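Report on the structure
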Amino acid sequence: MTIRVAYMGIPGSNSEQAATELAGAMGWDVFALIPEEDSRNTIDALDSGTADYGVVASRNVTAGPVIETEESLKGRDDIEVLRALWLPIHHCAFIRRPGIEVRHVASHIQALLQTRNSLDRLYPGADRIEVSDTAVAAEMLADGRLSEDTAVICRRNAGEMFDLHMAHENIEDMEGNMTEFMLLRLKG
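First, a word on what this report is: a plain description of the structure on this page. Sequence order as written defines residue numbering, which begins from 1 separately in each chain. Under the rules for a predicted model, residues below a pLDDT of 70 receive no local features and side-chain atom pairs below 80 are neither given nor counted, while totals for whole chains, interfaces and linings still include all residues. The side-chain values count all of the structure's non-hydrogen atoms but skip hydrogen atoms and water molecules.

A separate point is the overall build of the protein. Think of it this way: any DSSP run of H or I at least four residues long counts as a helix, any run of E at least two long counts as a strand, and we number them from the N terminus. On a plain count of helices and strands, the protein comes out with seven helices and 11 strands. What the globule rule says is 2.2 Å times the number of residues to the power 0.38, and the radius of gyration is computed from C-alpha atoms. Over its C-alpha trace the protein gives a radius of gyration of 17 Å, about what one expects of a compact globule, namely 16 Å for 188 residues. Taken over the C-alpha atoms alone, the protein extends approximately 55 × 30 × 25 Å along its principal axes. When a residue's accessible area, from a 1.4 Å probe over protein chains only, is under 20% of the maximum for its type it is buried; when over 50% it is exposed; and in between it is partly exposed. Classification of the 188 residues of the protein by burial places 47% in the buried group. In what follows, a contact means two residues having at least one pair of non-hydrogen atoms within 4.5 Å. Here the contacts in the protein between residues at least 6 apart in sequence split such that 79% fall between residues at least 24 apart. All accessibility values rest on the Shrake-Rupley procedure with a 1.4 Å probe; residue burial counts only the protein chains present in the view. For the protein, the accessible area works out to roughly 8800 Å², and carbon and sulfur atoms hold 48% of it. If the 17 positive side-chain charges of the protein are averaged to one point and the 31 negative ones to another, these points end up 2 Å apart. Within this scheme the basic residues Lys and Arg register as positive and the acidic residues Asp and Glu register as negative, but His and the chain ends are omitted. For the purpose of locating charges, the reference atoms are NZ of Lys, CZ of Arg, CG of Asp and CD of Glu.

Now the structure itself:
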């Protein structure tokens, strides 16, 4: 039987990596990853039975608690944490093509917080645009939903997956940047 694991994000996200590592830590040989763009949808997948387990980010050493996860789990005493994993987080800035003057920077709020000082130095005065996931930001830039003068902050594999140009690598403000991810299931 295939174990279904929902995670917040899309392919190329940190949560996808965490879900893969947590499934391995559980000893699951056969599992299917189900991308759910955010924590709320991941919890909804557990509630609806479309997923057996869920993986969500809970907190980061630089940016603190992941508010969307806290809000999604508030009052939910029917959900248990089976395992937690601290994953090293490295952020890259990607653009559509070299030579673009960046006026906007888009990513998940956590990534924007974890790279705040670097972004101020690299792209002074650039607007910050919050999106649901770091890999979603890369997808949005690649498909034109974000303007060409936007840089996105995401994992290296996400930017490469969407054929973007890496402008800067490892721009997290804190060396040793890590996020805790939790493997969840409904009790009972």
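That shown, we press on.
The biggest cluster of nonpolar side chains holds 24 residues, and the ones touching the most others in it are Val5, Trp28, Val55, Phe181 and Leu184. Contributions of two or more residues to this core are made by strand S1 (3-8), helix H1 (14-25), helix H2 (39-48), strand S3 (53-60), strand S5 (79-88) and strand S11 (178-186). Working definition of a nonpolar core: buried Ala, Val, Leu, Ile, Met, Phe, Trp, Tyr and Cys residues. They are joined through side-chain atoms within 4.5 Å. If you look at the next biggest cluster of nonpolar residues, it comprises 16 residues, including Val131, Ala137, Ala138 and Val152.

Salt bridge, as applied in this entry: a Lys or Arg side-chain nitrogen positioned within 4 Å of an Asp or Glu carboxyl oxygen. This structure, assessed with the given rule, holds 13 salt bridges. Where Glu80 meets Arg185, a salt bridge forms, and the shortest distance between an N and an O atom there is 2.7 Å. Separated by 105 residues along the polypeptide, Glu80 in strand S5 and Arg185 in strand S11 bring together distant segments of the chain. The residue Arg103 makes a salt bridge to Glu101 at a minimum N-O spacing of 3.7 Å. Taken together, the salt bridges that share partners define one network made up of Asp47, Arg76 and Asp78.

This next bit is on a nonpolar patch on the surface. Together, Val61, Trp86 and Met174 line one region of the surface with nonpolar side chains, adding up to about 240 Å² of accessible area. Topologically, Trp86 is positioned in strand S5. Note on Trp86: relative accessible area 33%, which makes it partly exposed. Residues enter patches when they are more than 30% accessible in relative terms and free of salt bridges; like-charged ones are connected within 9 Å and nonpolar ones (Val, Leu, Ile, Met, Phe, Trp, Tyr) within 5 Å.

This paragraph deals with helix H6 (residues 134-142). Turn by turn, an α-helix covers 3.6 residues, leaving residues three or four places apart pointing in a common direction. The buried fraction of H6 is high, at seven of nine residues. When we look at burial in H6, the residues that qualify are Thr134, Ala135, Val136, Ala137, Ala138, Met140 and Leu141. Buried residues along H6 sit in contact with H1, strand S6 (92-95), strand S7 (104-107), helix H4 (109-114), strand S9 (150-154) and helix H7 (156-161).

So, about the state of the cysteines. Cysteine sulfur atoms that pair up within 2.5 Å are treated as a disulfide. Following the criterion strictly, the structure yields zero disulfides and no others. With no disulfide of its own, Cys92 lies 6.8 Å from the sulfur of Cys154, the closest cysteine sulfur. What makes Cys92 buried here is its relative accessible area of 2%. Judged by its relative accessible area of 0%, Cys154 is buried.

This brings us to unusual backbone geometry. We note that Asp163 has phi near 60 degrees; this positive angle belongs to a residue other than glycine. Relative to the helices and strands, Asp163 resides in the loop between H7 and strand S10 (165-168). Residue Asp163 is classed as exposed on the basis of its relative accessible area, which comes to 69%. A positive phi angle is found at Asn170, which is not glycine, with a value near 55 degrees.

Taken by themselves, the reported measurements are silent on function.
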